Amino acid sequence: QVQLVESGGGLVQTGGSLRLSCAASGRTVYNFVMGWFRQAPGKEREFVAAIRRSGGSSDYADSVKGRFAISGSNAKNTVYLQMNSLKPEDTAVYYCAADLDRQRVVRGTPDYWGQGTQGTVSS
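About the thresholds
- Residues numbered from 1 in each chain as written.
- Predicted model: local features only at pLDDT ≥ 70, side-chain atom pairs only at ≥ 80, totals over all residues.
- Heavy atoms only, no water.
- Salt bridge = Lys/Arg side-chain N within 4 Å of Asp/Glu carboxyl O.
- Helix = DSSP H or I, 4+ residues; strand = E, 2+ residues; numbered from the N terminus.
- Buried < 20%, exposed > 50% of the residue type's maximum accessible area, 1.4 Å probe, protein only.
- Core = buried A, V, L, I, M, F, W, Y, C linked by side-chain atoms within 4.5 Å.
- Contact = heavy atoms within 4.5 Å.
- Disulfide = S-S within 2.5 Å.
- Phe/Tyr/Trp six-rings, centres within 6.5 Å; stacked < 30°, edge-to-face > 60°.

Visitor: What should I look at first to understand the pattern of salt bridges in this one?
Guide: Oppositely charged side chains can form a pair if their charged atoms are brought close together. In total, this model carries seven salt bridges according to the counting rule given. Between Asp-90 and Arg-38 there is a salt bridge, and its shortest N-O distance comes to 2.8 Å. Of the two residues, Asp-90 sits in the loop between strand E8 (78–83) and strand E9 (92–99) while Arg-38 sits in strand E4 (residues 33–39), which places them 52 residues apart along the sequence. Classification of Asp-90 by relative accessible area gives buried; the value is 1%. Between Asp-111 and Arg-104 there is a salt bridge, with its nearest N and O atoms 2.6 Å apart.

Okay, structure coming up:
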């Protein structure tokens, strides 16, 4: 079992930055693919970014490319999402996800989910 706990959400103005963290516990996630999703009010949950911890390769949604960066710390069993140049449309609950299968993460059907952290961008 893997438990995921997100933190780092908050309220920022347009153009500002937030850094989200996802701490994993229960087992090492070195061989896992870790991802971030978000769900805005009235919308479906959507893929944001993913990274394979052991290989370091990453994927991003087109809407966040060039603004968001996903990274990981093996020592802390943690994955981060650095969000820059934030826009009001980035406002959402951000969820961390993990699975050994990359496609399951990208498709939004991973084995493990966090509880989410709210990120709000004011105009």
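Visitor: Explain the nonpolar core here, please?
Guide: Soluble globular proteins tend to bury their nonpolar side chains together. In terms of nonpolar packing, the biggest core is built from 35 residues, with Leu-4, Met-34, Trp-36, Leu-81 and Tyr-94 touching the most fellow members. Contributions of two or more residues to this core are made by strand E3 (18–25), E4, strand E5 (46–52), strand E7 (68–73), E8 and E9. Excluding residues within four positions of it along the chain, Leu-4 makes contact with Cys-22, Ala-23, Ala-24, Met-34, Cys-96, Ala-97, Ala-98, Tyr-112, Trp-113, Gly-114 and Gln-115.

Visitor: Where do I start with the state of the cysteines in this structure?
Guide: Here, disulfide denotes a covalent bond that connects the sulfur atoms of two cysteines. Summed over the entire model, instances satisfying the criterion amount to one disulfide. With a sulfur-sulfur separation of 2.0 Å, Cys-22 is cross-linked through a disulfide to Cys-96. Here the S-S torsion is close to -80°, and the disulfide linking Cys-22 with Cys-96 is therefore left-handed. Placement of Cys-22 in strand E3 and of Cys-96 in strand E9 is noted, with a sequence separation of 74 residues between them. A single burial state applies to Cys-22 and to Cys-96, both of which are buried.

Visitor: Just checking my understanding: could you explain the environment of Ala-49 for this structure?
Guide: As for its placement among the helices and strands, Ala-49 is situated in strand E5. Spatially, the C-alpha atom of Ala-49 lies 4.3 Å from that of Tyr-60, the residues being eleven residues apart in sequence. The residues touching Ala-49, leaving out its near neighbours within four places in the chain, are Met-34, Gly-35, Trp-36, Asp-59, Tyr-60, Ile-70 and Leu-81.

Visitor: Mind showing me how you'd approach the packing of aromatic side chains here?
Guide: For any pair of aromatic rings, geometry is given as the distance between the ring centres together with the angle between the planes. In the structure shown here, the tally under the stated rule is four aromatic pairs. Summarising the aromatic geometry, the rings of Phe-37 and Phe-47 are spaced 5.6 Å apart at their centres and angled 75° between planes, so their arrangement reads as edge-to-face. Taken together, the positions of Phe-37 in strand E4 and Phe-47 in strand E5 put the pair ten residues apart, joining distant regions of the chain. Feature note: the residues Phe-37, Phe-47, Tyr-95 and Trp-113 constitute an aromatic cluster, connected by ring pairs.

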